[in-house]
Amino acid sequence: MTTSNLVAIGLRAKTGRAIAVVLGGSADAPTVLAKEEIRLVDPKLPGTFQPYHEVMDLPWDESQRAVRKYVRAIEKVAAKNLTVMVKKLKDQGLTVKGVGVVGASDRDLSRIGNYHIRAHAAEGVLFRSVLEFGADQNELRRRTFADRSFAASAQAELGKKHSSVTQMIDDLRRSVPPPWRADEKLAAMAAWLVLHEL
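(A) Spotlight on the side chain of T48. Mapped onto the fold, T48 is located in the loop between β3 (30-39) and α1 (51-54). Ignoring any residue separated from it by four or fewer positions in sequence, one finds T48 in contact with L40, V41, D42, Y70, A73, I74 and F127.

Printed below as a string of structure tokens:
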């Protein structure tokens, strides 16, 4: 059961950014309180946009070492930008009780033979993990959802028919300006699942 000042943040990891949706209200009838894009790039370090592309010609073990400076920089940006978001919500009298992160799931990236495909896959995992890092640094409870199986797990957890869940997420667009695309919907669903637990 939630009270009016408890909110959840849903984050959809993308390359160099995250789509954030903040939900409040009740777990059965959530409302969108905010929607924004969070940058996950350090402008002073251009390689932070696609860090694994910067090192993709190196053997996998070497690329893992070479990419660390970019990863540390991205982690700092993620933690800082999440701190700013939480502070803005707190200034509005709201309490963030959790974060839901949707992104690529962990896998053995060393098995991907094509360097370019591996770089994209590694960045998918990285940008999800830096959002988790940001939540941890801000001492926020978090849940992580694999993007490929997310719809099915969300439906099972919420205990509603798939069409009903989909319609409720679609209807949330009425309270915010466009866009309300697949990424915003995934972020909203992640926030809803976290809100549902409170």
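(B) Main features of unusual backbone geometry. Note that the residue after P178, namely P179, is joined by a cis bond; omega there is 5 degrees. Relative to the helices and strands, P179 is located in the loop between α6 (162-171) and α7 (182-197). Non-glycine residue E139 carries a positive phi angle of around 55 degrees. Examined against the element boundaries, E139 turns out to sit in the loop between α4 (115-137) and β5 (142-146). The class of E139 is exposed, set by a relative accessible area of 75%.

(C) Local environment of the pattern of salt bridges. Following the criterion strictly, the structure yields 17 salt bridges and no others. Of the charged contacts, one joins E157 and R143 as a salt bridge, the two residues approaching to 2.5 Å between their closest N and O atoms. Residue E157 is located in helix α5 (residues 150-158), and its partner R143 is located in strand β5; the two are separated by 14 residues in the primary sequence.

(D) Quick look at the pairing of strand β1 (residues 6-14). With eight of nine residues buried, β1 is to be regarded as a mostly interior element. Sheet analysis places β1 next to strand β4 (residues 95-103), joined by seven bridges and oriented parallel. Pairing of G10 across the sheet is with G100, part of β4. In terms of strand pairing, β1 meets strand β2 (residues 17-25) through seven bridges, oriented antiparallel. Looking at the pairing, L11 lines up with A20 of β2.

(E) Here's a closer look at helix α3 (residues 68-91). The terminal C-alpha atoms of α3 lie 35 Å apart, and with 24 residues this matches the ideal 34 Å at 1.5 Å per residue to within 8%. All of the buried residues in α3 are Y70, V71, A73, I74, V77, A78, A79, L82, M85, V86 and L89. With its phi angle positive at about 85 degrees, G93 sits one or two positions after the end of α3.

(F) Spatial organisation of the side chain of E132. Within the fold, E132 resides in helix α4. Overall, the relative accessible area of 11% leaves E132 in the buried class. Looking at E132, its side chain comes within polar contact range of the side chain of R128, at 3.2 Å. Setting aside chain neighbours within four positions, we find E132 in contact with R142 and T144.

Calculation criteria
Residues numbered from 1 in each chain as written. Predicted model: local features only at pLDDT ≥ 70, side-chain atom pairs only at ≥ 80, totals over all residues. Heavy atoms only, no water. Helix = DSSP H or I, 4+ residues; strand = E, 2+ residues; numbered from the N terminus. Contact = heavy atoms within 4.5 Å. Buried < 20%, exposed > 50% of the residue type's maximum accessible area, 1.4 Å probe, protein only. Salt bridge = Lys/Arg side-chain N within 4 Å of Asp/Glu carboxyl O. Pairing = 2+ DSSP bridges. Expected span 1.5 Å × (residues − 1). Polar contact = N/O pair within 3.5 Å; in protein donor to acceptor, adjacent residues only side chain to side chain.

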